[in-house]
Amino acid sequence: QVQLVESGGGSVQPGGSLRLSCAASGFTFSRSSMRWYRQAPGKERELVAFISSAGASTSYAGAVQGRFTISRDNAKNTVYLQMNSLKPEDTAVYYCNVDYGDIVPVRYWGQGTQVTVSS
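Residues numbered from 1 in each chain as written. Predicted model: local features only at pLDDT ≥ 70, side-chain atom pairs only at ≥ 80, totals over all residues. Heavy atoms only, no water.

Enquirer: So what's going on with the pattern of salt bridges? Which residues, and what values?
Expert: Should their charged atoms come close, side chains of opposite charge can pair. Considering all chains together, one arrives at 4 salt bridges under this definition. The shortest N-O distance in the salt bridge between Arg 38 and Asp 90 comes to 2.9 Å. Pair noted here: Arg 38 is in strand β4 (residues 34-39) and Asp 90 is in the loop between β8 (78-83) and β9 (92-100), with a separation of 52 residues, a long-range link. Look at Asp 90 and you get buried, because its relative accessible area is 0%. It is possible to trace a salt-bridge network through shared partners that takes in Arg 38, Glu 46, Arg 67 and Asp 90. (Salt bridge = Lys/Arg side-chain N within 4 Å of Asp/Glu carboxyl O. Helix = DSSP H or I, 4+ residues; strand = E, 2+ residues; numbered from the N terminus. Buried < 20%, exposed > 50% of the residue type's maximum accessible area, 1.4 Å probe, protein only.)

Enquirer: Give me the environment of Cys 22: which residues, what numbers.
Expert: With respect to the helices and strands, the residue Cys 22 is situated in strand β3 (residues 18-25). Distance from Cys 22 to Arg 67, taken between C-alpha atoms, is 19 Å for residues 45 residues apart in sequence. Each residue touching Cys 22, except ones within four places of it in the same chain, is listed here: Leu 4, Val 5, Glu 6, Trp 36, Asn 77, Thr 78, Val 79 and Cys 96. (Contact = heavy atoms within 4.5 Å.)

Enquirer: An account of the packing of aromatic side chains is requested, with residue identities and associated values reported.
Expert: The final tally for this structure, using the stated rule, is 4 aromatic pairs. Ring centres 5.3 Å apart and planes at 50 degrees place the aromatic pair Phe 27 and Tyr 100 in the tilted group. In this pair, Phe 27 sits in the loop between β3 and β4 while Tyr 100 sits in strand β9, placing the two residues 73 residues apart along the sequence. Since its relative accessible area comes to 9%, Phe 27 is described here as buried. You can call Tyr 100 partly exposed: its relative accessible area is 23%. Seen from their ring centres, Tyr 95 and Trp 109 are 6.2 Å apart, and the 80 degrees between their planes marks the pair as edge-to-face. Remark: Trp 109 occurs in strand β10 (residues 106-109) and Tyr 95 occurs in strand β9; sequence separation between them is 14 residues. Assessed through its relative accessible area of 13%, Tyr 95 is described here as buried. (Phe/Tyr/Trp six-rings, centres within 6.5 Å; stacked < 30°, edge-to-face > 60°.)

Enquirer: Any details on the pairing of β3? Residues and values, ideally.
Expert: Judged from the 5 bridges that link them, strand β1 (residues 3-7) and β3 form a sheet pairing that is antiparallel. Looking across to β3, one finds that Val 5 is bridged to Ala 23. Across 6 bridges, β3 lies against β8 in antiparallel orientation. When the bridges of β8 are listed, Leu 20 appears paired with Leu 81. (Pairing = 2+ DSSP bridges.)

Next up, the structure:
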């Protein structure tokens, strides 16, 4: 079955950095585009970053453009989110996502990892 396991969250001061990882299994990772989402308290879950299956194409939400970098290692079945210049408004639970299925794609989520940016 599809499994996504995030790690790397934590507490950091404004201006700091964190690197999130998402280890994937149960599907053909190298053929699947991947996404990072986040959800802050009281807010809807929002798309943060996207990466295509081979990593050639990426896109970002405007709020993180220039500060976050999504990447992947298909040999390790892992997708990363490097977060620099963190701001208090980046505080959220961050989720890894894949839409996968033979006929109809099913949306899968990891358990999430908490990122807290505070002085």
